[in-house]
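Notes for the structure review
What follows is the residue order along each chain.
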Amino acid sequence: MTTKLDFVEASQVRIIPQGASKHDTLDMLIEAVCRNPVITDCDAFRKAVYEREAVQSTGIGGGVAVPHVRIPEVTKMTIALGIAPDGIDFAALDNRPVQIIVLFATPKDSEKTYLSLLAKVMVTLRNHETFASLASCRSAEEVIALL
């Protein structure tokens, strides 16, 4: 099976351990993205992610969360992918645990690119087989092999 998420960088994939909180999960993904040179100010990025999350949870339901920011401190779009095989409480809109978290880091003026990539991610994750396969991964290597 191939997915359409082959743009995910292996260094930005994290397996979220059982018992992790939403805060722990965001921190793991923020740290993964901040290692990428396209983030020019990690503190600004972290602050923006948490400010966005405070407005409304990005747990959209169906086991998926898509935290996202568009800020000048991001020079090129990148994402981090978190897989929580045991699920985490992300305060999702459907009040169900989240297993796949896609953190989008996007430059300020790239709404079209962001929406296009978000659509690609959502179409891929709507495939039940793909979702189940990704959600059951227990290592970053398994995730990359699947992608």
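This text follows the structure it describes.
So, here's what we can say about the structure. Fair warning: this is a prediction, and the values are worked out from it, not measured in the lab. (Residues numbered from 1 in each chain as written. Predicted model: local features only at pLDDT ≥ 70, side-chain atom pairs only at ≥ 80, totals over all residues. Heavy atoms only, no water.)

To continue, consider the pairing of strand β5 (residues 78-88). Burial within β5 is extensive, with ten of its eleven residues counted as buried. Note that strand β1 (residues 13-15) and β5 share three bridges and pair parallel. Among the inter-strand pairings, V13 is bridged to a residue of β5, identified as L81. In this sheet, strand β6 (residues 98-107) lies alongside β5 in antiparallel orientation, the contact comprising seven bridges. (Buried < 20%, exposed > 50% of the residue type's maximum accessible area, 1.4 Å probe, protein only. Helix = DSSP H or I, 4+ residues; strand = E, 2+ residues; numbered from the N terminus. Pairing = 2+ DSSP bridges.)

Mapped onto the elements, Y50 comes out in helix α2 (residues 42-55). Of the residues examined, Y50 reaches a relative accessible area of 23% and is grouped as partly exposed. Between the alpha carbons of Y50 and V64 there is a distance of 18 Å; along the sequence they are 14 residues apart. When residues no more than four places from it in sequence are discounted, the contact partners of Y50 are H23, L26, D27 and I30. For Y50, the side chain forms a polar contact with the side chain of D27, separated by 2.8 Å. (Contact = heavy atoms within 4.5 Å. Polar contact = N/O pair within 3.5 Å; in protein donor to acceptor, adjacent residues only side chain to side chain.)

For the rest of this paragraph, the subject is the pattern of salt bridges. All told, the structure shown has seven salt bridges when counted by the stated rule. The salt bridge partner of R70 is E111, with a shortest N-O separation of 3.9 Å. In this pair, R70 is assigned in strand β4 (residues 68-71) and E111 in helix α3 (residues 111-126), connecting sequence segments 41 residues apart. R138 is the partner of D86 in a salt bridge, and the nearest nitrogen-oxygen pair spans 3.5 Å. Of the two residues, D86 is situated in strand β5 and R138 in the loop between α4 (128-135) and α5 (140-146); the sequence distance between them amounts to 52 residues. Owing to a relative accessible area of 38%, D86 belongs among the partly exposed residues under this scheme. Judged by its relative accessible area of 52%, R138 falls in the exposed class. (Salt bridge = Lys/Arg side-chain N within 4 Å of Asp/Glu carboxyl O.)

Another point: the nonpolar core. The biggest cluster of nonpolar side chains holds 26 residues, and the ones touching the most others in it are I39, F45, I101 and L103. Among the elements of the structure, α1 (22-34), α2, β4, β5 and β6 are those that each provide at least two residues to this core. No other element matches α1, which puts six residues into this core. Those residues in contact with I101 that lie beyond four places of it in its chain are I16, T25, L29, A65, P67, A80, L81, G82, A84, I88 and F90. (Core = buried A, V, L, I, M, F, W, Y, C linked by side-chain atoms within 4.5 Å.)

This paragraph deals with the packing of aromatic side chains. The final tally for this structure, using the stated rule, is one aromatic pair. Each ring, one from F104 and one from Y114, has its centre 5.3 Å from the other, and the planes form 85°; the classification is edge-to-face. With a gap of ten residues between them, F104 in strand β6 and Y114 in helix α3 connect regions that are remote in the sequence. Each member of the pair, F104 as well as Y114, is classed as buried. Lying across the ring of F90, K22 places its NZ or CZ 5.0 Å from the centre. (Phe/Tyr/Trp six-rings, centres within 6.5 Å; stacked < 30°, edge-to-face > 60°. Lys NZ or Arg CZ within 6 Å of the ring centre and 35° of its normal.)

Moving on, we come to the pairing of β6. Summarising burial for β6: nine of the ten residues are buried, a large majority. Both strand β3 (residues 64-65) and β6 contribute to a ladder of two bridges, which runs parallel. Residue pairing in the sheet places A65 in a bridge with I101 of β6. Two strands pair when backbone bridges link them, and β4 and β6 are joined in this way by four bridges, in the parallel orientation. Along β6, the bridge assignment pairs R70 with T106.

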